[in-house]
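# Structure at a glance
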There are 2 protein chains.
Amino acid sequence: MTSDERSAKRWIIGKPLPTEQLEGELLPKRVALPIFASDALSSVAYGPQEMFLILTIGGLAMLANAPYVAIAVMLLIAIVVAGNLQTVKAYPSGGGDYEVAHRNLGPRAGLVVASALLIDYVLTVAVSVASGVDNIISAFPQLDPFRVELAVGFIVVLAAVNLRGVRESGRAFAIPTYLFIASVVVLIVTGLVQTLTGDAPVAASAQYSVETDALGQAAIMLLLLRAFASGCSALTGIEAISNGVPAFRRPKVRNARITLVLLGVVSMSLFAGITFLGLVSRIHYAEDPCDLNGFANCETTPQQSVIGQLGAAVFGDGSPLFYVLLAATALVLLLAANTAFNGFPLLGSVLADHGFAPKALRTRGDRLVYSNGVIVLALGAVLLIVLTQANLNQLIQMYIIGVFVSFSFGQAGMVVHWLRIKRDPRRRGEFNPAAFAVNVVGAIATATVLVVVTVTKFTHGAYLVFLIGPVLWLLMWGIARYYGRVRREIEPDEHTVFGAQGDHAIVLVGDLTKPVLKALDYAIAAKHDSLEAVHSAIDVDAAKRLKKAWIRQGIRVPLRILPSPYRDVSQPVIDHLAERRAEHGSEVVTVYMPKYVMGHWWERVLHDHKSRRVRQRLALTHGVAVALVPWRLQSARLLEERESRPLPGDARRGTARRPRPVTRQHHSGHRR
Amino acid sequence: MTSDERSAKRWIIGKPLPTEQLEGELLPKRVALPIFASDALSSVAYGPQEMFLILTIGGLAMLANAPYVAIAVMLLIAIVVAGNLQTVKAYPSGGGDYEVAHRNLGPRAGLVVASALLIDYVLTVAVSVASGVDNIISAFPQLDPFRVELAVGFIVVLAAVNLRGVRESGRAFAIPTYLFIASVVVLIVTGLVQTLTGDAPVAASAQYSVETDALGQAAIMLLLLRAFASGCSALTGIEAISNGVPAFRRPKVRNARITLVLLGVVSMSLFAGITFLGLVSRIHYAEDPCDLNGFANCETTPQQSVIGQLGAAVFGDGSPLFYVLLAATALVLLLAANTAFNGFPLLGSVLADHGFAPKALRTRGDRLVYSNGVIVLALGAVLLIVLTQANLNQLIQMYIIGVFVSFSFGQAGMVVHWLRIKRDPRRRGEFNPAAFAVNVVGAIATATVLVVVTVTKFTHGAYLVFLIGPVLWLLMWGIARYYGRVRREIEPDEHTVFGAQGDHAIVLVGDLTKPVLKALDYAIAAKHDSLEAVHSAIDVDAAKRLKKAWIRQGIRVPLRILPSPYRDVSQPVIDHLAERRAEHGSEVVTVYMPKYVMGHWWERVLHDHKSRRVRQRLALTHGVAVALVPWRLQSARLLEERESRPLPGDARRGTARRPRPVTRQHHSGHRR
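Note that the structure is predicted; figures quoted are calculated from it, not measured.

Another aspect to go through is the overall build of chain A. A tally of helices and strands in chain A yields 27 helices and seven strands. Carbon and sulfur atoms make up 64% of the accessible area of chain A, which amounts to about 25700 Å² in all.

As a further point, take the state of the cysteines. Residue and element names in this part refer to chain A. Evaluation of the coordinates by the stated rule reveals two disulfides over all chains. A disulfide bridge connects Cys 290 with Cys 298, and the sulfur atoms are separated by 1.9 Å. Residues Cys 290 and Cys 298 are joined by a disulfide whose S-S torsion is about 100°; by sign, that bridge is right-handed. Overall, Cys 298 belongs to the buried group, its relative accessible area being 12%.

Looking now at the pattern of salt bridges. When their charged atoms lie close together, side chains carrying opposite charge are able to pair. Inspection of every chain in the model, using the stated rule, returns 16 salt bridges over all chains. Across the pair Asp 529 of chain B and Lys 527 of chain A runs a salt bridge whose closest N-O atoms are separated by 2.8 Å. Highlighted residues: Asp 529 of chain B in the loop between helix 20 (514–525) and strand 4 (530–537) and Lys 527 of chain A in the loop between helix 20 (514–525) and strand 4 (530–537), drawn from two different chains. Given the relative accessible area of 53%, Asp 529 of chain B is considered exposed. On the basis of relative accessible area, Lys 527 of chain A is assigned to the partly exposed category, the value being 47%.

That bond from Arg 250 of chain A to Pro 251 of chain A is cis: its omega, -10°, falls within 30 degrees of zero. Note that Pro 251 of chain A resides in the loop between helix 11 (239–243) and helix 12 (252–280). A positive phi angle, near 50°, is found at Gln 389 of chain B, a position not held by glycine. With respect to the helices, strands and loops of the structure, Gln 389 of chain B is situated in the loop between helix 15 (367–387) and helix 16 (392–398).

Residues and elements named next belong to chain B. When you line up the elements, Ser 635 lands in the loop between strand 7 (624–632) and helix 25 (637–644). Judged by relative accessible area, Ser 635 falls into the buried class, the value being 12%. Here Ser 635 is in contact with Met 598, Gly 599, His 600 and Glu 603, once residues within four sequence places are set aside.

Moving on to the nonpolar core. By size, the foremost hydrophobic cluster in this structure holds 142 residues, and its most contacted members are Val 129, Leu 235 and Leu 351 of chain B. In terms of residue count, the dominant contributor to this core is helix 7 (residues 107–139) of chain B (19 residues). If we skip the residues at most four places from it in the chain, Val 129 of chain B touches Thr 124, Ala 151, Phe 154, Ile 155, Leu 158, Leu 334 and Ala 337 of chain B. Membership of the second largest hydrophobic core comes to 140 residues, among which are Leu 63, Ile 283, Val 314 and Val 452 of chain A.

This part is about helix 19 (residues 463–490) of chain B. Compared with the 40 Å implied by 1.5 Å per residue over 28 residues, the 42 Å span of helix 19 of chain B between its first and last C-alpha is a close match. Listing the buried residues of helix 19 of chain B in full gives Val 465, Gly 469, Trp 473, Met 476, Ile 479, Ala 480, Tyr 482, Tyr 483, Gly 484, Val 486, Glu 489 and Ile 490 of chain B.

Residue and element names in this part refer to chain A. Packing of helix 13 (residues 306–315) against helix 14 (residues 320–353) brings their axes to within 9 Å, and their N-to-C directions diverge by 160°. The orientation of helix 13 relative to helix 14 falls into the category roughly antiparallel. The way helix 13 lies across helix 14 gives a crossing that is right-handed. Side by side, helix 13 and helix 14 meet where Ile 307, Gly 308, Gly 311, Ala 312 and Phe 315 of the first sit next to Leu 321, Phe 322, Leu 325, Leu 326 and Thr 329 of the second. In terms of residue class, the contact of helix 13 with helix 14 is made up of seven nonpolar, three polar and no charged.

Right, let's get into the confidence of the model for chain A. All names here are of chain A. Mean pLDDT over chain A stands at 84; residues scoring 70 or higher make up 89%. This stretch, residues 8–24, has a pLDDT under 50; its non-local contacts, to residues over four places away or in other chains, come to 37 contacts. In this model residues 656–672 is a low-confidence stretch, pLDDT under 50, and it forms 57 contacts with partners more than four residues away in sequence or in other chains. Predicted as a complex, the structure gets a pTM of 0.70 and an ipTM equal to 0.71.

Moving on to the sheet that holds strand 5 (residues 559–563) of chain B. For sheets, the rule is that strands pair by backbone hydrogen bonds, running either parallel or antiparallel. What the ten strands build is an open sheet, ordered 5(A)-4(A)-3(A)-6(A)-7(A)-7(B)-6(B)-3(B)-4(B)-5(B); its pairing is mixed. Single-partner strands in this sheet number two, and they are strand 5 (559–563) of chain A together with strand 5 of chain B. Across this sheet, the average inter-strand angle for adjacent strands is 30°, counted without regard to direction. Relative to strand 6 (residues 588–597) of chain A, strand 3 (residues 503–508) of chain A runs parallel, the two being bridged by five bridges. Looking at the pairing, Asp 503 of chain A lines up with Val 588 of chain A of strand 6 of chain A. Sitting on the sheet, helix 24 (residues 609–619) of chain B is in contact with strand 6 and strand 7 (624–632) of chain A together with strand 3 (503–508), strand 6 (588–597) and strand 7 of chain B, with an inclination near 155° to strand 6 of chain B.

Residues and elements named next belong to chain B. The element strand 6 is largely enclosed, with a buried count of nine among its ten residues. Both strand 6 and strand 7 contribute to a ladder of nine bridges, which runs parallel. Paired with Lys 595 across the strands is Pro 630, a residue of strand 7.

Residue and element names in this part refer to chain A. Relative to the elements of secondary structure, Val 382 occurs in helix 15 (residues 367–387). Separated by 256 residues in sequence, Val 382 and Ala 126 have C-alpha atoms that sit 7.2 Å apart. If we ignore the near neighbours within four places in the chain, the residues touching Val 382 are Val 152 and Ile 155.

Cut-offs and rules
Per chain, residues are indexed from 1 in the order of the written sequence. Throughout, the order in which chains and ligands are written sets their labels, letters from A for the former and numbers from 1 for the latter. Only residues with pLDDT of at least 70 are given local features in this predicted model, and only at 80 or more are side-chain atom pairs given and counted; all residues enter the totals for whole chains, interfaces and linings. Computation of side-chain values covers all heavy atoms of the structure but excludes hydrogens and water. Comment: elements are numbered from the N terminus, with helices defined as DSSP H or I runs of at least four residues and strands as E runs of at least two. The Shrake-Rupley method, run with a 1.4 Å probe sphere, supplies the accessible areas, and residue values consider only the shown protein chains as cover. Pairs of cysteine sulfur atoms within 2.5 Å are identified as disulfides in what follows. The classification of residues rests on relative accessible area computed with a 1.4 Å probe and restricted to protein chains. Under 20% of the type maximum is buried, over 50% is exposed, and intermediate values are partly exposed. By definition, a salt bridge exists where a carboxyl oxygen of Asp or Glu is found within 4 Å of a side-chain nitrogen of Lys or Arg. We call two residues in contact when some of their heavy atoms are within 4.5 Å. Residues grouped as a nonpolar core are buried Ala, Val, Leu, Ile, Met, Phe, Trp, Tyr and Cys residues, joined through side-chain atoms within 4.5 Å. One fewer than the residue count of a helix, multiplied by 1.5 Å, yields its expected span. Think of each axis as a best-fit line through the C-alpha atoms, taken over the contacting stretch in the case of a helix, with angles from 0 to 180 degrees between the N-to-C directions. An angle counts as roughly parallel when it lies under 35 degrees, as roughly antiparallel when it exceeds 145, as roughly perpendicular when it falls between 65 and 115, and as oblique in every other case. Crossings are assigned a handedness: left-handed for a near helix turned anticlockwise from the far helix by less than a right angle, right-handed for a clockwise turn. Three classes are used: nonpolar for Ala, Val, Leu, Ile, Met, Phe, Trp, Tyr, Cys and Pro, charged for Asp, Glu, Lys and Arg, and polar for all others, with Gly counted as polar. A score between 0 and 100, pLDDT records how confident the predictor is in each residue. DSSP-based pairing: two strands are paired if at least 2 bridges between them are found.

The structure is reproduced here in structure tokens:
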């Protein structure tokens with residue numbers, strides 16, 4: 001990680017807290033809100049803008065409908081929040097909609113939610129970064145030519161930061177998120193006051209007119225639906241909290257629900273406020289600036305984001321507050337992108353628990369696995385950014401399908417959940433009609449929206465989601481089937497008895513080195529019935545030299561030189577074992593080999609292939625166990641440092657691992 | 001590998017012989033010639049063509065100089081062959097020029113040769129394939145639009161074939177190579193006869209004229225040198241034999257030298273013949289067909305290759321022999337490309353022996369390593385093809401620098417070799433003045449040509465070689481330094497004694513499965529002083545269930561459940577070991593773990609990460625050896641099949657490995 005990246009990291013993530021401080025960290029509401037809300041809140045930065053954009057396609061007159069669309073969106077936010085309140089209560093384990101669907105609608109439905117969410121994580125990164133860059137450019141238009149480069153750059157930094165391993169620190173999230181909320185509130189209030197005092201803000205784009213041919217009823221209806229669908233992008237991220245319950249301070253559920261309500265209220269008011277100001281200041285935001293009559297050289301100049309235009313209109317273009325607003329917006333959007341990097345491994349581990357994803361995703365701290373996840377996520381987002389040239393409007397078209405798949409399945413699942421309770425005589429008491437009603441409404445509403453979103457966006461790019469989704473689904477289903485097969489293969493029955501006997505040990509000697517001597521030493525300590533050192537003589541002279549050195553070193557264990565006419569290490573050993581078996585009958589043979597422990601990935605390229613290969617070949621041989629005696633090269637120290645680094649998703653799942661005393665063990669063990 | 005690829009493979013490489021037949025195969029001359037000569041001979045397919053092309057830049061008049069240039073090239077061939085005859089005799093181990101330079105001029109010089117050769121392997125693939133495609137297109141001009149696609153396609157097929165593992169079978173090489181020699185000889189003889197009988201062949205391009213402004217002396221001189229430099233591409237591949245001596249039948253050296261002489265004679269006569277016919281039939285071949293006045297729509301139509309034009313002129317366009325000639329040419333060129341895929345691992349293993357390349361390259365049968373080599377080679381070649389749009393003329397500009405670096409260093413090395421013998425009183429008798437003279441001439445000649453080639457080609461693309469070469473050199477030098485460091489780190493001295501004691505064994509139990517039971521069984525058989533089964537209770541209920549199952553299964557070894565508050569497998573075990581050490585003092589602990597053996601690469605993704613991680617963590621712990629008890633999943637069978645597949649380069653280094661009786665061992669061991 002270069003120093004630039006590190007400074008960038010400081011800037012994005014803030015100084016990571018030392019592990020001790022995070023020890024067992026569970027999040028108080030004031031910290032949880034920013035961590036889980038940045039995604040949901042940041043989406044008001046593009047939600048209203050997309051709504052305006054779509055309406056404007058039908059001409060400026062259509063903007064009159066904005067309030068109704070906005071109200072519909074806010075209503076939906078309320079419904080989804082209410083529905084999620086039930087989910088949090090019923091399934092506090094952090095599985096969220098996936099778990100609800102999985103438990104109540106069956107694994108197949110659960111997987112649908114899972115694949116939808118996986119896709120949406122990629123889109124969250126792409127959309128948030130694109131919008132973040134868009135707002136940066138609204139502050140510094142001269143950056144417009146580097147839109148794609150900037151977006152890709154940010155994704156790369158985020159990936160680097162998460163590859164290196166950075167715990168989401170509440171503090172780092174709190175500042176930008178609260179700054180964002182504060183500055184938008186100030187914006188709205190100021191604008192409101194100005195309006196009431198008769199000096200309403202006027203957007204720079206108010207002057208532009210738009211020509212469009214009159215639309216038929218149907219077209220208008222469709223356009224309204226599309227506007228609504230795009231506005232719904234403001235709902236993304238609400239699901240985050242129901243996935244993060246375990247990370248809250250006790251009482252977890254209560255705190256999570258309070259945070260959820262707060263989140264709902266805040267994002268509704270921000271959405272309402274921005275829409276209101278947008279209308280008052282007569283913002284005209286078009287799909288393509290060239291549709292705006294009077295927009296000077298529209299090919300080259302970008303449109304200022306809605307937030308940007310409002311900031312300019314209310315605070316005055318270039319005023320300090322204007323820059324604060326846009327900085328906070330950009331920052332919170334980048335944080336939202338970062339949440340995807342934390343959410344992904346979280347979902348992964350839940351999927352792994354259910355056997356739909358590689359078990360390794362469940363193993364905390366298998367850095368390799370997380371790295372792969374981070375890289376896949378980043379590559380996907382970069383691909384989208386490049387394909388769409390970081391065009392927010394195009395990205396939004398693919399977005400939120402996933403979110404609404406997850407919402408509707410989750411709510412439907414809750415409905416089934418209640419029905420089951422109702423039917424179950426023992427639990428009937430728990431049945432809560434009001435909550436049931438909420439989930440029914442939630443299910444119907446979100447399902448309807450899902451249909452609307454799909455219909456209105458399908459041809460505009462959403463079809464991609466419907467191509468990739470099933471592929472992911474099949475992949476995960478296949479994994480589950482594979483694990484099932486293996487489970488059956490290794491399941492023991494009452495008469496599974498091996499009853500091996502005999503105890504012979506062999507030390508493989510390539511050359512007379514400390515690691516080999518250590519391996520030999522361990523073999524001696526294990527006091528096997530019989531022990532011999534064995535060398536495959538690939539080079540006859542080398543073998544002779546080894547024999548001499550063996551004697552010089554005064555080793556009592558006999559060294560057997562095996563001829564290796566085919567320059568192969570393992571085969572002579574295997575043959576030797578076969579001969580032994582012919583004499584002594586079946587016996588368990590422990591083959592001791594030194595194993596190098598090293599710190600750099602590239603050292604693996606330079607080491608140990610031969611012994612790895614020998615190991616593989618021996619693993620195919622009858623009655624052999626391979627005992628690896630570790631030898632730590634100096635570089636091995638690096639491993640420990642890496643050990644102690646946090647992994648993405650830790651904060652959200654409320655599992656901070658204890659710093660391990662490896663170093664002590666390492667050094668004592670180093671030159672034994 | 002798809003069936004198309006397989007059929008393509010049949011077509012390129014011919015039906016691979018079953019391993020038994022190849023057992024210990026050493027090559028008789030008649031088989032060695034085609035295997036080692038395809039590269040060298042095929043280069044006469046483009047050598048003369050490039051010579052004509054460069055001369056034509058100076059106008060058709062310049063063609064009059066072709067004979068002199070050709071004679072210079074042939075002379076050089078003779079010199080290089082003579083020089084290599086000495087190398088083969090003095091260094092029969094197959095190290096070739098690299099070894100000569102390494103031994104006599106020092107490792108640094110050796111590495112220069114090595115990096116030069118590595119680069120040339122990539123270029124051999126690119127140039128040969130490009131030229132092969134060029135000749136295919138000469139037969140079927142309608143394929144011209146797909147030039148690049150065809151070339152890339154062939155490289156992919158070659159890579160696939162070599163990844164899968166195909167032994168170069170002499171027979172498969174013999175047919176096309178001899179067919180090529182035969183058809184070119186027939187071409188030359190027929191053309192000769194026609195000329196003598198007054199009915200000289202006339203090339204289709206004879207009619208075209210070329211306009212050029214008169215050149216100054218200097219320019220003419222430079223052009224002649226450039227033509228010579230391009231003609232020298234006919235020398236590539238001669239070094240192959242000195243690298244392949246070990247593969248010859250006894251008397252190896254004698255046979256290798258005879259083959260070398262044959263090779264020299266054949267390629268000289270082919271070069272001479274083609275040049276002669278080219279002049280007689282007045283072939284006009286330009287850098288860009290549009291330079292040829294009268295060449296119809298030159299933007300779209302390709303020029304016919306020189307071989308193609310001669311075939312058309314002598315045999316008649318579209319005549320059976322014409323197609324045979326071009327087919328043989330294309331085929332032998334593709335074989336030449338394939339030789340690079342075999343030469344690379346060979347050089348790699350020599351470099352690895354000297355510690356300049358990953359040791360793994362020395363380990364026969366580490367398929368992974370060869371695969372990487374093959375992939376790198378293929379990617380490099382594809383890159384070149386795409387960058388140059390498979391333009392042979394551009395590729396030739398980068399080519400042969402490497403070859404001549406290797407030639408000149410090799411010859412210079414031989415000179416030093418002789419001088420040393422001369423100085424050494426005991427060996428003075430071996431000194432051979434004639435041979436010495438040959439190498440002196442060889443050194444001077446090749447060095448001069450190297451300078452000429454560099455000067456004339458540098459700006460035309462050769463500079464790339466001078467960029468990449470040093471990088472490779474530094475890389476290999478760095479590797480050597482790293483190995484040196486490690487060697488010093490692990491070198492034992494007389495008082496290296498470990499003297500570990502105590503013998504405790506632990507069986508890690510995740511779940512009660514057959515693999516675990518097998519591991520337990522082995523641990524019991526090894527009769528350790530103390531033995532316990534250990535389970536890290538990540539999930540308390542699961543631990544309870546395990547405890548029950550343990551008793552139900554009637555296992556006598558005590559099962560210890562370790563609490564794991566942080567959902568981590570290894571840490572509790574490590575802590576447990578630490579406690580034990582506190583009580584029992586330092587002791588060697590053998591930790592038994594089952595290890596899954598599987599056949600598909602993707603299974604690795606789904607398995608074993610956790611245990612791998614546990615292994616890594618334990619390897620950092622004091623006094624622990626990890627005993628892996630293999631459990632073979634059904635898919636493990638695939639490994640054996642792969643085992644028995646041959647590896648690239650085997651035939652050339654004369655090391656056929658014996659087919660192993662793994663299957664038997666496997667099955668007996670499978671359900672032990």
